[in-house]
Amino acid sequence: MGHNEPVWFGFKGSVIKLNKKNKWKPKNGVFNCFTVLCAIALLDSRKRKKRTGPSVHHKKKRRLLPYVPSKDPDCRLQQMQSLAVALTQLNLEFSDDLTYPPNMAPRSANQAILEHEGMQVLCKEDFETLEKCRAMAKRGECPPLLIVYDSCLGYTVEADDLIKDLTLIAEYAGDVDYLKARDDDDGDSLMTLLLATDPAQSLVISPDKRANVARFLSGINNHKPGSKKKQNVKCVRYNVKGESRVLLVATRDIQKGEKLYYDYNGYENEYPTHNFI
Ligand SMILES: C[S@@+](CC[C@H](N)C(=O)[O-])C[C@H]1O[C@@H](n2cnc3c(N)ncnc32)[C@H](O)[C@@H]1O
């Protein structure tokens, strides 16, 4: 189930069960006054039963949770240092935002309405969560994540505290550019931002100059059975006040020390993951 898909609470099958359980036949196949009255009463009670139940399905929305920064300031410092080291090693500048450099796509090009099959709108409560996370990050209350170097995977991201299911972990940050301008881009971190009906209007995020922690999450192997079990994060594109934004959200509780993985091919099947561990 998609993280933001509604959970349906209905009376699934209850009417069918009622019909089966109360299947009623007159004895000896003979109808008399009594049996007719009983039948009417039963039918009447069924009608009432139907009406007393809810006539519409109620959906329970699953709201995003803001990440919970580590309480210990020393831990937070260590987390920020680990990110700073990784960014410095890759010659990247820290940025938590989508940036629109002059020679790339202008901000006005980022129109969620252009998305080929429509884009889900980030609701008011989730928008507030996003804003809360951004405000925390600005105050130095970063998400509880450590960037850890792995000899096989390169830089990886590990939970430094428990991260609960549906927690908003980070927004994918970087320079916004037209997809068509990146045909020959051999970077390994381009992220789809907008898949427009007109391909010329499609956008990507390139974290090759400016980036944040989102750029370092590992990917699952789309060809290895069982690899999907590793996935603990989902990458979701939302229409946020008319613009497309990419959010990384926990898909289950993530324990301290666990590496974070998502499906690099969540939207398109373009990322080769045959050799992924
Ligand atoms: C978006 S980057 C992730 C950060 C990267 N590990 C780094 O050091 O910059 C994607 C690249 O990380 C590596 N990677 C990610 N997940 C992997 C996996 N499951 N197995 C092996 N390599 C992986 C691959 O080199 C991939 O092209």
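Residue positions are given per chain, counting from 1 as you read along its sequence in written order. Local features in a predicted model are, by the rule used here, given only for residues with pLDDT of at least 70; side-chain atom pairs are given and counted only at 80 or more, and totals for whole chains, interfaces and linings are based on all residues. Each side-chain value is derived from all of the structure's non-hydrogen atoms; neither hydrogens nor water enter the calculation.

For the protein, the name recorded in an unreviewed UniProt entry is SET domain-containing protein, with Centaurea solstitialis as its organism.

A few words now on the pattern of salt bridges. The rule for a salt bridge is simple: a side-chain nitrogen of Lys or Arg has to be within 4 Å of a carboxyl oxygen of Asp or Glu. Scanning all chains against the criterion turns up 16 salt bridges. Among the ionic pairs, Arg134 bridges to Asp97, the shortest N-O distance being 2.5 Å. Here Arg134, found in helix H4 (residues 124-138), pairs with Asp97, found in the loop between strand S4 (93-94) and strand S5 (98-99); they are 37 residues apart in sequence, far enough to count as distant. Counted as one network, the salt bridges with shared partners bring together Asp97, Arg134, Glu171 and Arg245. Runs of H or I in DSSP of at least four residues are treated as helices and runs of E of at least two as strands, each being numbered from the N terminus.

Here we come to the site of the ligand. Taken together, 16 residues sit near the ligand, with Leu153, Tyr155, Arg215, Gly219 and Tyr271 positioned nearest. Tyr155 is positioned with one of its backbone polar atoms (N or O) 2.7 Å from an oxygen atom of the ligand. Protein contact buries 85% of the 560 Å² of open area that the ligand shows by itself. Definitions used throughout: a 1 Å grid over protein atoms alone; a cavity as a set of points that fits a 1.4 Å probe which cannot get out; a pocket as an open set with protein on both sides within 12 Å along at least five of seven lines; a lining residue as one with an atom within 4 Å of a point. A cavity or pocket is said to hold a molecule if more than half of that molecule's atoms lie within 2 Å of its grid points. In this structure, the ligand is accommodated by the largest pocket. Taken together, the elements giving at least two residues each to the shell around the ligand come down to strand S7 (154-159) and strand S13 (218-219). In the scheme used here, Gly and all other residues not listed as nonpolar or charged are polar, with Ala, Val, Leu, Ile, Met, Phe, Trp, Tyr, Cys and Pro taken as nonpolar and Asp, Glu, Lys and Arg as charged. Looking at the shell around the ligand residue by residue, the classes come out as 10 nonpolar, four polar and two charged. Nearness is defined per residue: one heavy atom within 4 Å of the molecule or strand is enough. Here a polar contact is recorded for every N or O atom pair within 3.5 Å, except that within protein the pair must consist of a potential hydrogen donor and a potential acceptor, and residues adjacent in sequence are included only if both atoms are side-chain atoms. Computed with the Shrake-Rupley method and a 1.4 Å probe, the accessible areas treat only the protein chains shown as cover for residues.

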